[in-house]
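Listed below are the residues making up each chain.
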Amino acid sequence: MTDPLKLASEFPSADYAAWRTLAEEALKGASFEKKLVTKTLDGFALQPLYTKGDQDADTRLIHDVLSASVEPRETVTGWDIRQLHTHPDPIVTNAAILDDLENGATSILLKLDAAARKGREISSGEVGVDGIAIHCLADLECALSDVYTNLATIALDGGAAAIPTAAMLAARMTDEDGASEAAPAFNIDPIGTLASTGSLPCSTDDALRQTANISAELIDLFPMGTAISVNGAPYYNAGATDGQELACLLASGVAYLRALTDTGMAVDQAAGAMAFNVAIGTDFFAGIAKLRALRLMWTRILAASGAEDASISINAVSAEMAMSKVDPWVNMLRTTVTSFAAGLGGADSVVCLPYDHLIGLPDGFTRRIARNTQLILQEESNVHRVIDPAGGAWFIENMTRDLAKAAWAKFQSLEASGGIVAALANGSLKKDIEAVWHTREERVANRRDPLTGVSEFPNISEAKVTCDAPDLDAVQANGKARQTKYTETVGSSLSSLMEAARKGATIGHMYTDLYGTSAATTVPALTPHRLSEPYETLRKRADGYKAKTGTFPQIFLANLGKVAQHTARAMFARNFFEAGGIEAITNTGFADAKSVAKAFTASGAKIAVICGSDPQYGDMAADVASALKNAGASLVYLAGHPGDARAGYEAAGIDDFIYVGTDVPDTCRTAMDHLSGARGDK
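Here goes a summary of the coordinates provided.

About the thresholds
- Throughout, residues of each chain are indexed from 1 in the direction in which the sequence is written.
- With the structure being a predicted model, the display of local features is reserved for residues of pLDDT at least 70 and the display and counting of side-chain atom pairs for 80 or more, all residues being used for whole-chain, interface and lining totals.
- Side-chain measures here rest on the full set of heavy atoms in the structure, leaving out hydrogens and waters.
- Helix and strand assignments follow DSSP, with helices taken as H or I runs no shorter than four residues and strands as E runs no shorter than two, numbered in order from the N terminus.
- The globule rule used for comparison is 2.2 Å times the number of residues to the exponent 0.38, while the radius of gyration itself is calculated over C-alpha atoms.
- Per-residue accessibility, obtained with a 1.4 Å probe over protein chains only, is compared with the maximum for each type, and a residue is labelled buried under 20%, exposed over 50%, and partly exposed between these values.
- What makes two residues a contact is simply this: any of their non-hydrogen atoms within 4.5 Å.
- For a helix, the expected span equals 1.5 Å multiplied by the number of residues minus one.
- As used in this structure description, the phrase polar contact means that two N or O atoms lie within 3.5 Å; if the pair is within protein, one of them must be able to donate a hydrogen and the other to accept it, and residues adjacent in sequence are counted only when both atoms belong to side chains.
- By definition, two strands form a pair when at least two bridges between them are found by DSSP.
- Think of it like this: strands point away, you trace from the first strand over the helix to the second, and a clockwise trace means the crossover is right-handed.
- Here, a salt bridge means any Lys or Arg side-chain nitrogen found within 4 Å of an Asp or Glu carboxyl oxygen.
- Only buried Ala, Val, Leu, Ile, Met, Phe, Trp, Tyr and Cys residues count toward a nonpolar core, and they belong to the same one when joined by side-chain atoms within 4.5 Å.
- The angle between two axes is taken between their N-to-C directions and runs from 0 to 180 degrees, where each axis is a line fitted to C-alpha atoms and a helix contributes only its stretch in contact.
- Here the bend at a residue is taken as the angle between two axes, fitted respectively to the seven residues that end there and the seven that start there.

1. Comments concerning the overall build of the protein chain
Along its length, the protein chain carries 28 helices and 17 strands. Whereas a compact globule of 682 residues would reach a radius of gyration of roughly 26 Å, the protein chain reaches 29 Å, a difference of no more than 12%. Expressed as lengths along the three principal axes of its C-alpha atoms, the size of the protein chain is roughly 85 × 75 × 50 Å. Across the 682 residues that make up the protein chain, the buried fraction comes to 53%. Long-range pairs, those at least 24 residues apart, make up 76% of the contacts in the protein chain between residues at least 6 apart in sequence.

Now the structure itself:
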C-alpha cells in the first residue's frame, strides 16, 4: 500500500552541496570555517550540519557496540539517583538521608570530613570541615540508622583513608541481613587521591597492591558492589578537556585492572569491581559523547584483556568547574543539563549537586530540587527506557568517534610515558591540564564562552543565598562521646580492619597503624578551578566596597542621542561592568556634551562610559570626552572598537575601549582599583 501523504513531494530534494552554497551566500563573504565550524579544545572540529554521508565504518559500529554493553533490565528502573551528603553531624545527616530515600533518591554518597579523609583523629581542627564527622563505627551507625543498605546503595568518599572507611562500612553491613544482596560503592581510589591532594601515605606501588588486595576481599563479601572508583573529576575540575579526562580515566582504569588481576582475580571480576566517576560539564552534547566514548573505549580495553563481559559501571556527577557562587539559582539549569546529558549518555548513577553546593550546606529544599531534577527527567522524558538513546544521531555519532580518537591518542601517550602515576609524579599531566585551563580562563574572560548570571545578564543586587553554619564544637564533643578506647594494633587485612572497627577503632587509629603519620609519596597536586572564579572575586570585592561606602562601585553611562541609538552599546556596557560588580548608572540619553557633563556631575561617579552609534562617535565622542574630563571624570571609556580612530579618541581624553573580545575581569579590576584608590580604601 502506498502512502497517500507525500508531505515533501512539492519540494526539491536537498543535499549538502546546495545547503553549503546557501550558507556561504548568507555569510556574505565571511569565512565558513571561522563562522560556522567549531574547534573543540580537544582539537577536532564540529561541523554545523551532519548528514548520512558523514557516517563511516567506525560511526556505524558505535551504537551496536554500546547497545551490547547494556543490560536490557537497566532500562526498567532507570539510573540510580545518588544524593551527596556532607553535613558534619551524623545525626542530622541521618534525618536527611531518610528524607531523601523516602522521596525519590535511590542511593547515598557519604563524604567524610577533612580530618577523617586525612586519617586524623577527632581532636583535629578539621573535624566537620567539608564533610561528615564519621570517625568510628558508632558515628557511621548514627548516620545510617534505619537505612536498609541492602536496598539503597551506600557510596563513600573517604579520601586517603578510603580503606579504613571501607572496612568500617563493611563491618556495619555484614552485621545486617541481606548483605550478599547489597551493592555498596566503597570508592577506594589512591590514584585520584594522589591527583587531587598531591600525597599518599605510602608508595604508589604499595597503594595499588593494598587497594587490589582489600578490593578482592570486599568483592568476596559484596559481589554486587564495587570496591574501586576510577575518578576523572579531579582532572576535569582542574580544567582538563573531555579527552584528557577520558585518557586519565582509561589510564587509571588500566592501572587498577593490572593490580586486581595480579591478585589472581579474573579479568571480568576485576572489571566489575570498578566504577568510573565522570564529571559532566554544561556542554550538553559533549557530556553525552563523553560517556558514550568512555563506554566504547573501555569495551575495547576489556576485549583486548580477554574479558567476556563488556559492561561498565559509570557514576556521573555535576562538574564543580561549571557551577558558580554568583547567581547560584542558575546552577539549577546547569545541573539539569549535566544530569540529562548523563542520563542520555548511559550513566548508571548520577549525582546532581544542589544549587548552593559551593556556598555551604544544602538544606531540605535544595536537596529536594537536586533530587527532583533527576526524578522529573526520568518520569517526563523516559530516556532511561531506551538503550543508547543518542544512538543514530549523525552529530552525536561523529562527536563520539572524534572524541574517542582524541582521548585514545592521549591515553596511548600516557601509557607510553609510564602511565598515569608517572605523569602525575613528574608534573607533566598537571602542566598539560593547566595549559587548557588558561585557555578556558581566557575564553571566559573575553566572554567567548558566556556564563549566564555571571559574565552575561548579571544581577549585582541579587539576594544572597545563605546556608546554615553548624556548631562544629558540638559536633566534635558529641563525636568524642561516642568513641570507645581502643589500644590494640590493627592488622592490614580487611577482616582485621573490620574487627578493629567493631571493637571501636577509629579511622585515624586504623590509618596510623596502616601507614604511619607522614606522607610517603608527594606529587604536584592538581588545582581545582571554577569558570566563574575571576568574576566571583570581583563581585566579592564589590560587596566589600558597598559594605564600607554604602553603594556599589559605580560608572556613569554617557548615552548619546535617542534610546534606539545608544541602547545596544549601553546594554553591552552595563553587562560588561556589572559582571565585575560595578554598578552602571544609566539614563535615556543626551543631545550634547554639555548635558552629558551636567548629568555626570550630578551622579557623583568618577568613571564614565560613552555609549552610542559609530556615526554619533564621529560627531560627538571627542567633545563628550573633553566635557567629561572637565567635569571631573578621572577615567573615560568608549563602548565599541575604535578602529583607525583610536589615536584621535585617545587625544580627546578617552582612556580605554570596551568591545567584544575585551578581557572583562581585567578591565573591571582596573576600574575597581581606580575607584578604590579614589575612595581611599584600596
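2. Examining helix α16 (residues 364–381)
Taking 1.5 Å of rise per residue, the 18 residues of α16 would be expected to cover 26 Å, and the 25 Å separating its terminal C-alpha atoms lies within 8% of that figure. Every buried residue belonging to α16 is among T366, R367, A370, R371, T373, Q374, L377 and Q378, and all of these are buried. At the N-terminal boundary of α16, the capping side chain belongs to D363, with an oxygen 3.1 Å from the backbone nitrogen of F365. At the exit of α16 stands N382, carrying a positive phi of roughly 60°.

3. Section: the pairing of strand β13 (residues 554–559)
The buried count for β13 comes to six of six residues, which makes it a mostly enclosed element. Inspection of the sheet shows β13 paired to strand β14 (residues 583–585) by three bridges, in the parallel sense. When the sheet's bridge partners are listed, Q554 is paired in β14 with E583. Regarding the hand of the β-α-β motif, the stretch spanning β13, helix α24 (residues 563–578) and β14 is right-handed. The pairing of β13 with strand β15 (residues 607–611) spans four bridges and is classified as parallel. Bridging from a neighbouring strand, N559 pairs with C611 of β15.

4. A few points about the environment of A207
In this fold, A207 is placed in helix α10 (residues 204–221). Given the relative accessible area of 6%, A207 is considered buried. Counting along the chain gives 52 residues from A207 to A259, while the straight-line C-alpha distance between them is 9.9 Å. Contact partners of A207, with chain neighbours within four places excluded, come to P190, L200 and C202.

5. Details of the pattern of salt bridges
According to the stated counting rule, one finds 35 salt bridges in the structure shown. A salt bridge links D56 to R401, with the nearest nitrogen and oxygen atoms 2.6 Å apart. In this pair, D56 is assigned in the loop between β2 (45–46) and α3 (57–68) and R401 in helix α17 (residues 394–416), connecting sequence segments 345 residues apart. Taking relative accessible area as the criterion, D56 reaches 25% and is therefore assigned partly exposed. A salt bridge links R482 to D139, with the nearest nitrogen and oxygen atoms 2.6 Å apart. One end of the pair, R482, is in helix α20 (residues 472–482); the other, D139, is in helix α7 (residues 137–143), and 343 residues separate them in sequence. By relative accessible area, which is 18% here, R482 ends up buried.

6. Some details on the nonpolar core
Ranked by internal contacts, the top residues of the largest apolar core, which has 126 residues, are L110, L218, Y235, L294, W298 and I420. With 12 residues, helix α12 (residues 242–262) is the largest single contributor of residues to this core. Y545, F552, L560 and M620 belong to the second-largest nonpolar core, a separate cluster that totals 63 residues.

7. Some thoughts on the sheet that holds β14
Read from one edge of the open sheet, five strands run β14-β13-β15-β16-β17, paired in parallel fashion. The open sheet has two edge strands with one neighbour each: β14 and β17 (656–658). Averaged over all neighbouring strand pairs, the angle between strand axes comes to 30°, with direction disregarded. Of the strands in this sheet, β13, β14 and β15 are in contact with helix α25 (residues 593–603), which crosses β13 at around 160°.

8. Considerations on unusual backbone geometry
Phi is positive for K28, close to 55°, though the residue is something other than glycine. When you line up the elements, K28 lands in the loop between α1 (16–27) and α2 (32–36). With a relative accessible area of 77%, K28 lands in the exposed category. Residues other than glycine seldom take positive phi values, yet N382 does so here, at roughly 60°.

9. Things to note about helix α26 (residues 614–630)
Between its first and last C-alpha, α26 extends 23 Å over 17 residues, near the 24 Å set by a 1.5 Å rise per residue. Where α26 bends most, the angle comes to about 60°, and this point is M620. Taken as a whole, α26 has its buried residues at Q616, Y617, M620, A621, V624, A625, A627 and L628. Structurally, α26 contributes buried residues whose contacts are with β13, α24, α25, β15, β16 (635–639) and α27 (646–652). Following α26 by one or two positions, G632 adopts a phi angle in the positive range, close to 105°.

10. A short note on the pairing of β15
Of all five residues in β15, five are buried; the element is thus mostly enclosed. Both faces of β15 are covered, namely the face carrying I607, V609 and C611 and the face carrying A608 and I610. In terms of strand pairing, β15 meets β16 through four bridges, oriented parallel. Bridge pairing in β16 links I607 to L635. The handedness of the β15 to β16 crossover, carried by α26, is right-handed.

11. A closer look at the environment of Q476
Assignment of secondary structure puts Q476 in helix α20. On the basis of relative accessible area, Q476 is assigned to the buried category, the value being 18%. In the structure, Q476 is positioned 349 residues away from V127 in sequence and 6.6 Å away in space, judged by C-alpha atoms. Excluding anything up to four places from it in sequence, Q476 contacts I122, S123, S124 and V127. Engagement of the side chain of Q476 in a polar contact is seen with the backbone oxygen of S124, the distance being 3.2 Å.

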